[in-house]
Amino acid sequence: MNPLLNLVILGSTGSVGTSTLDVVARHPGRFHVVGLTAQQRVDVLFEQCRRFRPRVAVLPTEPRAAELRRLLAAEGLVTEVRVGPEALCELAAASEVDAVMAAIVGAAGLRPCMAAARAGKRLLLANKEALVVGGGLFMQAVAAGGATLLPIDSEHSAIFQCLPEDRSTWARRIDHIVLTASGGPFRQRDPATLHEVTPAMAVAHPNWVMGQKISVDSATMMNKALEVIEARWLFDLAPERIKVVIHPQSIIHSMVVCRDGSVLAQLGTPDMKVPIAYGLSFPERIESGAPRLDFEQLQSLSFEPPDPRRFPGLQLAWDALRAPAGTTAVLNAANEEAVAAFLAGTIGFGAIHSVNARTLDRLPPRLGPSHTLDDLLELDGRARDVARQVMRELAA
Ligand code: NDP
Ligand code: MG
């Protein structure tokens, strides 16, 4: 009999959050949901509270919290509703909590991730932007807190599943890793027509159902750029040991090329419930609910190199990793602002890369060797200001 795992889901109303609750619901008695959090979707959070009965729910503002309290009271539910970023950190570090699923989107998830890391939790990391911004500081917090960091991003989960549990063997074993990328919805589109792309076209991913921000990142391949940076930290690899190949079927989720030339790959249908279930049950395996791979139906697995003209943002990952500390935080902040502006209809699809590249040019970070989380978040804020200025200039 497995001990009950007390679980918090940060960003429970999103794509990864709801898939996590789907896996949890398949295993009654194995997981206890202690806390759930959301940003805007109070109605979805309420339904989740009704079903999973968490002790705490967190929302960003008092009016939304009041709305949730009213809905809960009408049903006689006793979930305590707390407000603001500090409440997220307290929940992530609470003593009764064993595991934290970090499924907030963007750098907004960094502080609660760090709180969970410092408190030594089992940290299921979907929120790649937190690691892209936090970098070495994040990994130090994991080590200092004795946390167990488990990748949820499907590529990083694939690499993790191909490696032995004993991390001390990884450096000797790995020659390089190959992250697979679907190429997104515009893999074959004429690059000269990318300026015509609308938000609805960009979020219509051919293989995966995901939140809006990561869907746009998949269309620009900035998602893969962020994943290269994520892999650098998760697997302690020099940037040149991380490679990317386009694999349009999204069946191979990534590969490890070993020192002896042997290649290990993890395969499956494109469904986030597999990496989520592995994070929840590691080192065991539990039913995920994902559809099974049918080899008789599988036509072919194909591969192609990413075209740098179509996906100019991808190279920024290696450039930023080789630049001074903090550069990846600047890149992430610029990209978050550019994607939000694209989704709001204020900049075109092609401008996303211009905003990212120009912001990097204008804001070379000058962080000391012993910089703090506050230094990184201050840099994140300055990068957002620069990115917004760049967008004003592009519009003029
Ligand atoms: P969604 O946009 O679907 O969900 C984001 C969640 O975070 C929602 O619960 C949202 O609340 C909440 N949230 C949004 N902004 C804030 C904020 N500023 N503060 C606190 N909470 C906030 O995103 P996804 O589930 O797609 O992605 C989550 C993370 O997982 C991202 O970092 C993404 O890169 C990563 N990831 C996602 C994959 C996927 O398949 N979706 C695959 C691999 C990684 P509300 O619903 O109320 O707006
Ligand atoms: Mg991924």
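The text that follows walks through the structure, step by step, so that each part is easy to find.

Calculation rules
- Residues numbered from 1 in each chain as written.
- Chains lettered and ligands numbered in written order.
- Predicted model: local features only at pLDDT ≥ 70, side-chain atom pairs only at ≥ 80, totals over all residues.
- Heavy atoms only, no water.
- Helix = DSSP H or I, 4+ residues; strand = E, 2+ residues; numbered from the N terminus.
- Rg over C-alpha atoms; globule rule 2.2 N^0.38 Å.
- Contact = heavy atoms within 4.5 Å.
- Areas by Shrake-Rupley, 256 points an atom, 1.4 Å probe, with all protein chains shown as cover.
- Pairing = 2+ DSSP bridges.
- Axes fitted to C-alpha atoms, helices over the stretch in contact; angles between N-to-C directions.
- Core = buried A, V, L, I, M, F, W, Y, C linked by side-chain atoms within 4.5 Å.
- Buried < 20%, exposed > 50% of the residue type's maximum accessible area, 1.4 Å probe, protein only.
- Domains from an automatic or database assignment.
- Donors = N, O, S within 2.8 Å, 3.2 Å for Na, K, Ca; no water.
- Near = heavy atom within 4 Å.
- Polar contact = N/O pair within 3.5 Å; in protein donor to acceptor, adjacent residues only side chain to side chain.
- Patch = residues over 30% accessible without salt bridge, like charges linked within 9 Å, V, L, I, M, F, W, Y side chains within 5 Å.
- Salt bridge = Lys/Arg side-chain N within 4 Å of Asp/Glu carboxyl O.
- Right-handed = clockwise from strand over helix to strand, strands pointing away.
- Parallel < 35°, antiparallel > 145°, perpendicular 65-115°, else oblique.
- Left-handed = near helix turned anticlockwise from the far one by under 90°.
- Nonpolar A, V, L, I, M, F, W, Y, C, P; charged D, E, K, R; others polar.

**Some points on the overall build of the protein**
A tally of helices and strands in the protein yields 16 helices and 11 strands. Radius of gyration (C-alpha) of the protein: 20 Å, near the 21 Å computed for a compact globule of 396 residues. Expressed along its principal axes, the backbone C-alpha trace of the protein runs to roughly 60 × 55 × 45 Å. Within the protein, contacts between residues at least 6 apart in sequence are counted, and of these 69% link residues at least 24 apart. Counting only carbon and sulfur atoms, one obtains 52% of the accessible surface of the protein, whose full area is about 16800 Å².

**Thoughts on the sheet that holds strand β9 (residues 242-246)**
Spatial strand order, β9-β8-β10-β11: 4 strands in an open sheet with mixed pairing. Sheet topology places β9 and β11 (263-267) at the edges, where each strand pairs with a single neighbour. Taken over all neighbouring pairs, the strand axes of this sheet differ in orientation by 20 degrees on average, direction set aside. Judged from the 4 bridges that link them, strand β8 (residues 174-181) and strand β10 (residues 252-258) form a sheet pairing that is antiparallel. Counterpart to Ile177 in the pairing with β10 is Val256. Where helix α11 (residues 222-234) meets the sheet, it contacts β8 and β9, and its direction lies at approximately 155 degrees from that of β8.

**Description of the nonpolar core**
Judged by nonpolar contacts, the single largest core of 131 residues is most densely connected at Leu68, Met101, Phe138, Ile177, Phe235, Ile347 and Phe349. Ranked by residue count, the leading element in this core is helix α14 (residues 327-343), at 9 residues. When we break this core down by domain, the ones giving at least three residues each are domain 1 (5-152) and domain 2 (323-396). In contact with Leu68, not counting residues within four places along its chain, are Val42, Leu45, Phe46, Ala57, Leu59 and Val81. In terms of nonpolar packing, the next biggest core, distinct from the first, is built from 5 residues, Val178, Val245, Ile252 and Val257 among them.

**So, the coordination of the magnesium ion (ligand 2)**
By definition of the ideal shapes, four donors in a tetrahedron about a metal sit 109.5 degrees apart, and six donors in an octahedron sit 90 or 180 degrees apart. Taken together, the protein donors to the magnesium ion (ligand 2) comprise Asp153 (OD), Glu155 (OE) and Glu227 (OE), at separations of 2.1 to 2.2 Å. In primary-sequence terms, the residues that donate to the magnesium ion (ligand 2) follow D-x1-E-x71-E. Taken together, the positions of Asp153 in the loop between β7 (148-151) and α7 (154-162) and Glu227 in helix α11 put the pair 74 residues apart, joining distant regions of the chain. Of the residues examined, Asp153 reaches a relative accessible area of 7% and is grouped as buried.

**Brief notes about the site of ligand 1**
Around ligand 1 lies a shell of 23 residues, among which Thr13, Gln40, Arg41, Glu129 and Gly211 are the nearest. In the model, an oxygen atom of ligand 1 is placed 2.9 Å from a nitrogen or oxygen of the Val16 main chain. Residue Arg41 places a side-chain N or O atom 2.5 Å away from an oxygen atom belonging to ligand 1. Contact with the protein chains covers 89% of the free accessible surface of ligand 1, which is 900 Å².

**Notes on a nonpolar patch on the surface**
On the surface, a nonpolar cluster with roughly 370 Å² of combined accessible area is contributed by Leu267, Phe295, Leu301 and Phe303. Relative to the helices and strands, Leu301 resides in the loop between α12 (273-281) and α13 (316-322).

**Here we look at the environment of Ser154**
Tracing the sequence through the fold places Ser154 in helix α7. Taking relative accessible area as the criterion, Ser154 reaches 6% and is therefore assigned buried. Ser154 sits 99 residues away from His253 along the chain, and the two C-alpha atoms are 6.3 Å apart. Among residues more than four places away in sequence, those in contact with Ser154 are Trp208, His253, Met272 and Pro275.

**Considerations on the pairing of strand β3 (residues 56-59)**
Of the two faces of β3, the one carrying Val56 and Val58 and the one carrying Ala57 and Leu59 are both buried. Two strands pair when backbone bridges link them, and strand β2 (residues 31-37) and β3 are joined in this way by 3 bridges, in the parallel orientation. When the sheet's bridge partners are listed, Gly35 is paired in β3 with Val56. A crossover connection joins β2 to the parallel β3 through helix α2 (residues 42-52); in handedness this β-α-β unit is right-handed.

**Examining the pairing of β11**
The side chains of a regular strand alternate between both faces of the sheet. As paired elements, β10 and β11 share 5 bridges and run antiparallel to each other. Counted as the bridge partner of Val256 is Leu264 from β11. Between the antiparallel neighbours β10 and β11 lie 4 residues, among them Gly261 with a positive phi of about 95 degrees.

**Points about the packing of helix α5 (residues 110-118) against helix α6 (residues 128-145)**
When two helices pack together, you describe them by how their axes are tilted relative to each other and by the distance separating the axes. Where α5 meets α6, the closest approach of the two axes is 8 Å, and the angle between their N-to-C directions is 15 degrees. With respect to each other, α5 and α6 are oriented roughly parallel. Like other packed secondary-structure pairs, α5 and α6 cross with a definite hand, here right-handed. Note on element contacts: α6 touches α5 through Ala130, Val133, Gly134, Leu137, Phe138, Ala141, Val142 and Gly145, opposite Leu110, Cys113, Met114, Ala117 and Arg118. By residue class, the composition of the contact of α5 with α6 is 10 nonpolar, 2 polar and 1 charged.

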